[in-house]
Amino acid sequence: METSTITRIVVLGAGESGTGAAILAKDKGADVFLSDAGTIAPKYREMLEREGIAFEEGGHTMDRILSADEIVKSPGIPLDAPVVVAAREKNIPIISEIEYAGRYTDAKMVCITGSNGKTTTTMLIHHILTHAGIDAGLAGNVGHSLAYQVARDPHPVYVVELSSFQLDNMYDFKANIAVLLNITPDHLDRYDHLMQNYVNAKFRILQNMTPTDAFIFWNDDPIITEQLRHITTDASKFPFSEHKEEGSAAYIDAENELIFNTPQTSMSMPRADLALNGLHNVYNSMAAGLSACLCDINKDAIREALEDFNGVEHRLEFVEDIDGVRWINDSKATNVNSCWYALEAMTQPTVLILGGKDKGNDYSEILPLVKQKVKAIVAMGLHNEKIVEFFTGQVPTVVDTNNLADAVKACRELAQAGDTVLLSPCCASFDLFKSYEDRGRQFKAAVRNLKK
């Protein structure tokens, strides 16, 4: 475990990540100042005031920021933000909250990244470990910040969901188990619209790994397999795949059994017993099961946890059955590939809600599944022209709406008993909503109001 001689820490951003980093820095004796260009949420302002940590909001005092020995940057702040550019010009080290927290703990780190499925897999791994009696913290994009837990609620194991933004400013941090689920185009506006830059960010999860560490990855992902031709890692590799391939550590056999093979544990269980449906969730379950096997968890505990996991809010979340129509909230599908996985899991004629803030989407990826499974598309966003133009003539009905109420009303009219209404937008939520969580919760409320 590394200790720091840094005395002047500036934290940029006062969300979960930044507030946790500031509290850890205070506990380690640093001179801490937190700066947020926006408005700090009351919850975090109260925490900072209670801790006696100096902070500002609504702008940056550059002299104070540029006097830092080191800056801890929240992941939502882009690398080209003026305050970040100014700090880099002064050669002030800029790190992530995860990097900072990692200096002060020797805990085992199970780290998960990928374009889709991160949250589900992270929550599932955490569920398996806690079901088996392991004292495991949940951190990164879910749970409390890793820094806060290291400071005030330490655990011997952490399960950490890592976005590419968090990986960008990690240097010495090391995963003991690294999970890479998949890589598809996403957030390219943060990576100069170059896919390779995004791929490189995801592969930073392998930094500093040793032969005693484990790398779990989807062997059928063409981007991952191509990147592995050009890089090396000392970590032991545990690929998973739909069918048995050379070296597969997890796969589905001819009897539809999930097979797991690791030096610690070998086990099997029927695919039909998994709590989560859809092929994408089979992959998530494989990654989680392999992680648990490598943590030397009892086979029965792994099986039980894979069978009773409740899933993640806003990810293929069942809302209601109204007059024989199933309503599903998949608001977390903020890119095209995530919507593909949702459509792959559909078994009934589907009315699909798309729309929001487009991130340069190419809808051709989901077109074959749309033609096969979707009876109508309802566009819900301020600018639906691209969706309407692309899908008109590809499905029997395309409806253009500009708010949630009209979208739900249109779906109610289009869907018949035996159909599914699926909110899987392919887009970010910021045109009409505060976040994908806000979008999902408003959708669920609107659907439940149909029963009144």
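Numbering of residues starts from 1 in every chain and runs along the sequence as written. In keeping with the model being predicted, local features are shown solely for residues with a pLDDT of at least 70 and side-chain atom pairs are shown and tallied solely at 80 or more, while totals for entire chains, interfaces and linings include all residues. Excluded from the side-chain calculation are hydrogens and water; included are all heavy atoms of the structure.

K.L.:
Can you help me understand the overall build of the protein in this one?
P.N.:
Secondary structure follows DSSP: runs of H or I at least 4 residues long count as helices, runs of E at least 2 residues long count as strands, and numbering of each begins at the N terminus. A count of helical and extended segments in the protein gives 17 helices and 20 strands. For a compact globule of 452 residues, the expected C-alpha radius of gyration is about 22 Å, and the protein comes in at 23 Å, within 12% of that figure. When a residue's accessible area, from a 1.4 Å probe over protein chains only, is under 20% of the maximum for its type it is buried; when over 50% it is exposed; and in between it is partly exposed. Taking all 452 residues of the protein together, 56% fall into the buried category. Per-residue and other accessible areas were derived by the Shrake-Rupley procedure at a 1.4 Å probe size, with only the shown protein chains allowed to occlude residues. When the accessible surface of the protein is split by element, carbon and sulfur atoms take 48% of a total near 18600 Å². In the protein, the 42 positive side-chain charges and the 62 negative ones have mean positions that sit 3 Å from each other. Each radius of gyration reported is based on C-alpha atoms, and the globular scaling rule is 2.2 Å times the count of residues to the power 0.38. A residue counts as positive if it is Lys or Arg and as negative if it is Asp or Glu; His and the chain ends are not included. Taken as the charge centre is NZ of Lys, CZ of Arg, CG of Asp or CD of Glu, depending on the residue.

K.L.:
In this structure, what is going on with the environment of asparagine 335? I would like to understand it.
P.N.:
Inspection of the secondary structure assignment puts asparagine 335 in the loop between strand S16 (325–329) and helix H13 (336–344). For the pair formed by asparagine 335 and lysine 202, sequence separation is 133 residues and the distance between their alpha carbons is 16 Å. Counted as a polar contact is a pair of N or O atoms within 3.5 Å, where, for protein atoms, one must be capable of donating a hydrogen and the other of accepting one, and residues adjacent in sequence contribute only when both atoms are in side chains. Polar side-chain contacts of asparagine 335 include one of 3.2 Å to the side chain of asparagine 116. A distance of 3.4 Å separates the side chain of asparagine 335 from the backbone nitrogen of asparagine 337, its partner in a polar contact.

K.L.:
Help me out: how do you make sense of the pattern of salt bridges in this one?
P.N.:
A side chain of one charge can pair with a side chain of the opposite charge if their charged atoms are brought near each other. Any carboxyl oxygen of Asp or Glu that lies within 4 Å of a side-chain nitrogen of Lys or Arg is treated as forming a salt bridge with it. Counted by the stated rule, this structure contains 19 salt bridges. Measuring nitrogen to oxygen at the nearest pair gives 3.3 Å for the salt bridge that ties aspartate 323 to arginine 412. Of the two residues, aspartate 323 sits in the loop between strand S15 (317–322) and S16 while arginine 412 sits in helix H16 (residues 404–414), which places them 89 residues apart along the sequence. Between aspartate 358 and lysine 386 there is a salt bridge; the shortest N-O distance is 3.5 Å.

K.L.:
Just checking my understanding: could you explain unusual backbone geometry for this structure?
P.N.:
In terms of backbone geometry, most residues other than glycine have negative phi values and most peptide bonds are trans. Even without a glycine there, the phi angle at aspartate 296 is positive, about 65°. Take aspartate 296: it is sitting in the loop between helix H11 (279–294) and helix H12 (299–308).

K.L.:
So what exactly am I meant to see when it comes to the sheet that holds S16 here?
P.N.:
Within a sheet, each strand pairs with its neighbour through backbone hydrogen bonds, oriented either parallel or antiparallel. Pairing within the open sheet is mixed, and its 6 strands lie in the order S15-S16-S20-S17-S18-S19. The open sheet has two edge strands, S15 and strand S19 (397–401), and neither has a second partner. Strand-to-strand twist of the sheet, defined as the mean angle between neighbouring strand axes without regard to direction, takes the value 20°. At least two bridges found by DSSP between two strands are what make those strands a pair. As paired elements, S16 and strand S20 (residues 420–423) share 4 bridges and run parallel to each other. Its bridge partner lying in S20, tryptophan 327 is registered against valine 421. The contact criterion used is simple: two residues touch if any of their non-hydrogen atoms lie within 4.5 Å. To define axes, lines are fitted to C-alpha atoms, for helices over the stretch in contact only, and angles between the resulting N-to-C directions are given on a 0 to 180 degree scale. Relative to the sheet, H13 contacts strand S17 (350–354), strand S18 (374–380) and S20, its axis offset from that of S17 by approximately 165°.

K.L.:
Can you walk me through the pairing of strand S1 (residues 8–12) in this structure?
P.N.:
Every other side chain in a regular strand lies on the same face of the sheet, so the side chains alternate between the two faces. A large share of S1 lies buried, amounting to 5 of its 5 residues. Every second residue of S1 is oriented toward a common face, with Arg8, Val10 and Leu12 on one face and Ile9 and Val11 on the other, all of them buried. Across 5 bridges, S1 lies against strand S2 (residues 31–36) in parallel orientation. Pairing of leucine 12 across the sheet is with serine 35, part of S2.

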